[in-house]
Amino acid sequence: MCRISFSVFLATIALAQAYQWPSPRYDALETLLFEGRRSDGSNLASTQHPCKNRGSTRASIGAEWLRLAFHDSATHDASKGTGGLDASIAFELDRAENGGEGMARSLDDFSTFSSKYISRADVIAIGTTFAVASCGGPILHFRGGRVDALSADTPGVPEPDQDLATHTAMFQRQGFSAEEMIGLIACGHTIGGVRSSDHPEIVAPGAEANVTNFELFDSTPRLFDSAVDGNATMRKLADPEVFNSTCGSLLERMLDLVPTGVNLEEISLLTVKVSDAQLTIERGQLVFKVALRLLQPIGTSVNSKRVVTLLWCDRYGSAKDCDGHAKSSVPASRATDQPDVSPVTMRMGYYFTHYRFVVPINPDESISQFWFTVDEADGTAATTYDNNGNGYPLDQDNVLYVPEKSSVVLSGTTATSRAFHLVSAVRGSLSPSQVYMSVFDSAMPKYEAPLSQDITMTLNTSIPAISGYNFYSGHLEDFGAQLTVDMHATVDGTTYTVDYMQTYAVDSRTPSSPPTAVTQVNVSPPGSRKNSAFSITSSSTTTASIFAYMKRQAPEEHRNAKRQKLDPNPVEVDKVFGERRFFKYLLGRSKIDKPPGYIAGLVKTIIDIGPNFELELVPFGEDPAGRQDILEVLLSRLHIETLDPLKVGDKLHLSLKGGRIERLSSNKRGLAVKLRFTEGFHIRFGKKDVTEINAFVAPKPKPVEAAPEAAPPAPIAPPKLNPVARGSKHQRKLKRQSAEHEKKTVVKTPVPRESPVLPVKQEPAKPDDREILREAGPSHSKAPAPNLPLEQGSVNQDAPQSNPTPILQPPGEYTALDSVETKKSGIVSLIGVVLQVDAATQSRFGSRDWLRSIRIIDCTKVDSSSWRRGIKCNLFAPAEHLLPDPELGDIIILKKVAVQDCRGTIMPVGQCNRFSWAIFSKDKREVYYGAETSPQDHRSSVVCPFYVPLPSDIAYCEKLLDLYLEVERKEQEEAERTRVVPVDYTTRRRCHRLVEELKPPGPELTSEYFNCTVEVLRGFSNENGIFTLWVTDYTKHPLAFPPQSDWCPPQLAPYVFRIEMWDAAANEGVKMKEQTIYLLNNVRIRVNTAGYLEGKSVEAKQVLLDEKTDESVHLKSLLERRKAWQKETGYVPEKVEDKLLQNASLDKLFHCIVEVLHAEHHEGKASMVYCTDYSSRDDFAAIPSKATWAKGLENRVVKFVLSEGQSLIAKFLKQGDFSRFNKMRLRLDRDRGRVIGLVGGNQDLMEKLNPKNKENGALHDLYRRKEALFKPPLPHNTFQEILDLKVFPEKFRVQGHVVSYEPRNLDEAIFLWCKTCKRQLKTMEKMCHECETDEGLEPRSNLFLTVEDKDVNRVLVSVSEKAFIFQDLDLPAYLDDPDVRRKLGQRLQPFLGSLAGKPAPAKGPPLVLEVVAWLDSAGDVAFTLVNASVA
């Protein structure tokens, strides 16, 4: 992974200094681009990232998005200034040039993300930026502000059947040359492909191994690279760096093709962002809500000691505008994003932390402006964020938007209608002449015209005044997905407005955070402050200035070591750099002249990527070049860590010494040349304090200061004993070393930890460990106790170990964790340290309760089993916000949880509405209940899930937390000490590593190769000869690429690792079997072009291990981890059943027995085998018309496509063979809409059967179906004739009428069946009360028809849930969804006729029914409906 400098890069990715808050359009675009989501949290980036394929078509989503953007922009006419990227593509899908289902799917992906300030065209452009970044391409500079078209543009997309001259002319119309045309096509096709359903003349059915209707342009379709087949022009792009640079420039130009008059604004990442600022009425009072977003480099954790403070000035009163004092408060909550929320931000190396504030506001004082301070608690001054010294203003408080008093009602089936009741608040002291709201929604279904209108609001006297505000209401109906509202109040000719308010969370049931406490502070407002805190006055230099400030605190002689003064008015000849060269000087030369001279320019962009610093310079002064001529400069990092304090806007002098001129094919954003410095560089910048950085001069080594001698122990108390320094095996080994070695001083550096994940010790704790831990008291200091030296001879090394004893005793009503497993049932209360927190999930049936699993540990007994692994608790609640969501290392209190046996594992279960909880924060050392809830919210509730701890509970939590921190510190010290090993001069063996232990290759690694023991999950060959192997050792790495395929269950995806096998290893890879374990030797660690960690193997050094006989310790550890993973995730491998072809579901694995009719073996690609099991289905693919072997088998022959290692099977099969195919699946071949069979992978999935084996029941059934097929069709029978035949089970045909059905209320036609306890649930039961879970529930049919045949014989015919009547119905949702029940009634109507809803003796219409007659357990004849049709 590339290394990115924190201080410099943040300074360069920020806005220009002109950015001022509020800028609603800029803020909205920046949020979607860099956070990947809209205001309600729905994430656009996750639809495609990381470089996903569609599950249904296997097409690259990123390629589809990129193609949509090109087809939209291709209508641009540069000479006329019309067309371009304006979302007109939504009205152009009926054109032949825009064929392909990917276009409509992409529009569906984007349809709900446009808003008042984000146009539909901007969403398409942002989606394209995501796609390119996610698949490893360049990070495109995004410009926003496109205007949407509401009708189609003039056609202009090149089509495949047009000639080269036509294509060239069409691209020239857009503004691209012929060479640029080829480059743009290559860039788009590196992640693209063709479907046979769109172009059957290009891709034949079955041409691809696993996906029969999609063929890739590129051998590396999920990586943005130059591996696209090409011609002479393409060969110029063979250099990956040139390819990426060219693609970046061309794709940016493509996205910027807009009609004349549309002005685009570049959107850069804000280093510090203020959002969601709102003054509103909530919880019966006036509150101010706002969020502050800070950047955090990936790979680092958020400073837990950081203090973020909101400050503000009163609008009215004695302290108006902070005259005398300001007010402050701390955040109500903190949230940290995952690094992959946006592929752009992830590729830049950052993620976000959000601090959300909710503060009460006195309506008589209100609020006029606000700002923030951030104190890292590391000894440096706090940083102030104040909107470039202007403060963040709130223009008015006369009209407010009140979502808590608003509401929405959803209705409709085909299109969702939302009926809004929106509420605003106006100061009661005002008499408004008009109160109205302006609503806007462009996220309309089928890209209809946006909703935009003004609606009058009326005084709502049903809501009493609050905090001096009266309430006004307005109503509207909206079919879109992103309604925003502006509230207006006109008073004495002046209109007050609150702009761009969201409507995704309205009504009083929406959880809200309680306000935090307010403190008065003696500070001045922004612009006049003279505080000790360091103030940030420029958005673009925010973080860089922090580091510059910290450097200014260094001694003067250190600061001046790299600085010298420049003449404030430099002449054209510099004493050090020589003669100044202008930008145009570089265009006419292939190399730098001697003497080299220098270039001067203004810094436009600074990017710190991997081994280089990348600058963009624009000319200034007397340079004849235009300001649009941007010069790219690449500076090799060498020994330079940062260019700090260089910032955007600085005047830079760059010596041309060591520079190399590189020509670019084109560069829309600047000059067609680039400067590259690989051996060193020399720059100078700054106005008053001039900074000079000379990379040609190697840095002087810093002297190593001797470690200070340890202070003698205090005489007051005996020294604390260090458990590692005792008579352990490790120390005895050290004592045997030389005396000189023992005298060496080892300086230990604590290892920073992101979360309190406890190390696992293999030896039991010593008695002195517990003695030390017992001394741990309720100290609130977070600094670890000093490590005192050990007195010699103070402990008997051979003393026997005592039994573990608890260091702390929980309060009497609480149960120790290690005793929970000994209980079989009962109610207990627990206190423990949080080790793991799973995401909350919602059940699928019944009341749809929420579940969260939390693992807690007990550190009062450091050698007990609960200390090693903790204990898992399953907690249920009716709503997600009622579940605890603690941080790792917090203390959680669980009251009245039930101990249950869950599949053989004893665990505590918090039953819905029967347990309560509280969390004791490790950081604040106080009780909390999450960001969205508090006990006060539920004072009137019958059941409150929040427990208010007693003083004894709090005291115990304090002691337990201190104990945990002390144990953690000592474990860390022991881990550090064990690194001291004797010097070994023997040959070092290759390290055996777990996947979670791998590190990206870099200078800190002594070796980039490793051995590993892994389970092979999947393998396949690529066209370039590389064999891709997906493996797992059941550990996970955050930088590993998770597979996106149906062969990998979601629970396993984070634990999967990819290894690319080359040369001899690739030859062995095709022989490796899936679901087996191998030892892989000499695997190399590398980072691919998309930034993901993977392995590379080139040698045939793979060893197959036997799970039963091999004694490898690594194999045994893997098996233990696999077992623990299965237990932890509850994952049960998919049960693959034997099925008839007619009963097999699409895309589900099954086994089948078939007769081979015809086989076609194709060397080097997929083979075909035509088979039948003599069952019938209408959607089988058509068979060749001249195939004599398929005579009489219409709709009974399936084409098996054998790919990968299965292709050879066709070579050994012949007509008439009976075979069993394992783990095959049926899939829809979309080119013809028919079903084919797929068998892939490298396992042995086919076995020939002995046709004479009479004990094979399934084979015998196949013979019977074959025999029955060629018999004459069954005649129509009566029920009496069927009984007389006495052939069971057998299918018959009957003519008759339905005369009755049960149940008469079709709501009861489906019931839930518990497979665990084998019982039918009652109508009101939505989960099994005996099992106390909704797992293992399945819907079953309770529908029976009374049928009367032509002889007036009546029988009861059951309708199975697998019958045609229930096909494609969502049966799990039947009991809760009236739409599903209504569909069943509609399906039954043709067979019931006038009988529906009427009592007997009415009859239904005449029917032809196919029924199966069989014997039940009592030996009676029963009938089950197979099919029916109206006679």
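Okay, so let's go over this structure. Nothing here was measured: the structure is a model prediction, and the numbers come from that model. (Residues numbered from 1 in each chain as written. Predicted model: local features only at pLDDT ≥ 70, side-chain atom pairs only at ≥ 80, totals over all residues. Heavy atoms only, no water.)

Here we come to the side chain of S921. One can find S921 in the loop between β41 (916–920) and β42 (927–928). On the basis of relative accessible area, S921 is assigned to the buried category, the value being 8%. A distance of 3.2 Å separates a polar side-chain atom of S921 from the backbone nitrogen of D923. Within the structure, S921 has its side chain in polar contact with the backbone nitrogen of K924 (distance 3.1 Å). (Helix = DSSP H or I, 4+ residues; strand = E, 2+ residues; numbered from the N terminus. Buried < 20%, exposed > 50% of the residue type's maximum accessible area, 1.4 Å probe, protein only. Polar contact = N/O pair within 3.5 Å; in protein donor to acceptor, adjacent residues only side chain to side chain.)

Further remarks concern helix α4 (residues 61–73). If you check α4, its first and last C-alpha atoms are 19 Å apart, about what 13 residues at 1.5 Å a residue would give, namely 18 Å. Where α4 is concerned, the buried positions are I61, G62, A63, E64, W65, L66, L68, A69, F70, H71, D72 and S73. (Expected span 1.5 Å × (residues − 1).)

Our focus in this paragraph is the nonpolar core. One recurring pattern in soluble globular proteins: nonpolar side chains tend to sit buried together. Counting residues in each nonpolar core, the largest one holds 90 residues, and the members touching the most others are M254, I281, F288, L310, F370 and F372. Considering every element that reaches this core, the biggest residue donor is helix α6 (residues 120–134), with eight residues. Aside from chain neighbours lying at most four places away, what touches M254 is L66, A69, F70, S73, F176 and L184. With 45 residues, the next largest nonpolar core counts L835, A879, I892 and V897 among its residues. (Core = buried A, V, L, I, M, F, W, Y, C linked by side-chain atoms within 4.5 Å. Contact = heavy atoms within 4.5 Å.)

All buried positions along helix α7 (residues 164–174) are accounted for by H167, T168, M170, F171 and Q174. Looking down the long axis of α7, one finds its buried residues gathered within 165 degrees of arc, a one-sided arrangement. Against α4 and α8 (178–189) lie the buried residues of α7. (Arc of directions from axis to C-beta.)

Looking now at the state of the cysteines. Using the criterion set out here, one finds three disulfides in the structure. Across the disulfide, C313 is cross-linked to C322 (sulfur-sulfur distance 1.9 Å). With the S-S bond torsion at -105 degrees, the cross-link from C313 to C322 turns out left-handed. The buried category is assigned to C322, whose relative accessible area is 6%. Taking only the cysteines that form disulfides and numbering them from first to last, the protein chain has the pattern 1-2, 3-4, 5-6. (Disulfide = S-S within 2.5 Å.)

Here four strands make up an open sheet; going across it, the order is β5-β6-β10-β9 and the pairing antiparallel. Strands at the two margins of the open sheet, each flanked by one partner only, are β5 (272–282) and β9 (333–336). Geometrically, the sheet is characterised by an average inter-axis angle of 15 degrees between neighbouring strands, direction not taken into account. Alignment of strand β6 (residues 285–297) against strand β10 (residues 350–360), held across 11 bridges, turns out to be antiparallel. Each residue of the ladder has a partner; that of F288, found in β10, is V359. (Pairing = 2+ DSSP bridges. Axes fitted to C-alpha atoms, helices over the stretch in contact; angles between N-to-C directions.)

Moving on, we get to unusual backbone geometry. Following W21, the chain continues to P22 via a peptide bond in cis, the omega torsion being 0 degrees. Relative to the assigned elements, P22 resides in the loop between α1 (6–13) and α2 (24–35). Note the cis peptide between D644 and P645, where omega equals 10 degrees. Among the structural elements, P645 can be located in the loop between β29 (631–636) and β30 (651–655). Positive phi is not limited to glycine here, since C322 has a value of about 65 degrees. Here C322 is to be found in the loop between β7 (307–313) and β8 (326–329).

Its location among the elements puts L1029 in strand β44 (residues 1027–1032). We classify L1029 as buried; its relative accessible area is 1%. Sequence spacing of L1029 and G1069 is 40 residues, and the spatial spacing of their C-alpha atoms is 7.5 Å. Not counting residues up to four positions away in its chain, the partners in contact with L1029 are V1016, R1018, G1019, F1057, R1058, I1059, M1061, M1072 and L1080.

As enumerated under the stated definition, the model contains 59 salt bridges in all. Of the charged contacts in the structure, one is a salt bridge between D256 and R143, with a shortest N-O distance of 3.0 Å. Here R143 lies in strand β1 (residues 143–144) and D256 lies in the loop between α10 (240–255) and β4 (265–266), a separation of 113 residues in the sequence. Pair check on accessibility: D256 and R143 agree, each one buried. (Salt bridge = Lys/Arg side-chain N within 4 Å of Asp/Glu carboxyl O.)

Looking now at the packing of aromatic side chains. Tallying each qualifying case throughout the model produces 23 aromatic pairs. Seen from their ring centres, F1364 and F1391 are 5.8 Å apart, and the 90 degrees between their planes marks the pair as edge-to-face. Linking F1364 in the loop between β62 (1354–1359) and α23 (1378–1392) with F1391 in helix α23, this pair joins segments that are 27 residues apart in sequence. Overall, the relative accessible area of 24% leaves F1364 in the partly exposed class. A residue is classified by how much of its surface remains accessible, and F1391, at 15% relative accessible area, is buried. Each residue in the set W21, F288, F357, F370, F372 and Y392 is aromatic and connected to the rest through ring pairs, giving one cluster. Across the ring face of F113, the terminal group of R38 is positioned such that the distance to the ring centre comes to 5.1 Å. Positioned above the aromatic ring of W1062 is the side chain of K1096, whose terminal nitrogen or guanidinium carbon lies 4.2 Å from the ring centre. (Phe/Tyr/Trp six-rings, centres within 6.5 Å; stacked < 30°, edge-to-face > 60°. Lys NZ or Arg CZ within 6 Å of the ring centre and 35° of its normal.)

Bringing the environment of N1256 into the picture now. The topology assignment puts N1256 in the loop between β55 (1246–1248) and α21 (1257–1269). Polar contacts involving the side chain of N1256 include one to the main-chain amide nitrogen of A1258, which spans 3.2 Å. Within the local environment of N1256, its side chain forms a polar contact with the backbone nitrogen of L1259, the two atoms lying 3.1 Å apart.

For strand β28 (residues 612–618), the buried fraction is high: five of the seven residues fall into the buried class. Strand direction decides the pairing type here: β28 and β29, joined by six bridges, are antiparallel. Residue pairing across strands places E614 opposite L634, the latter belonging to β29.

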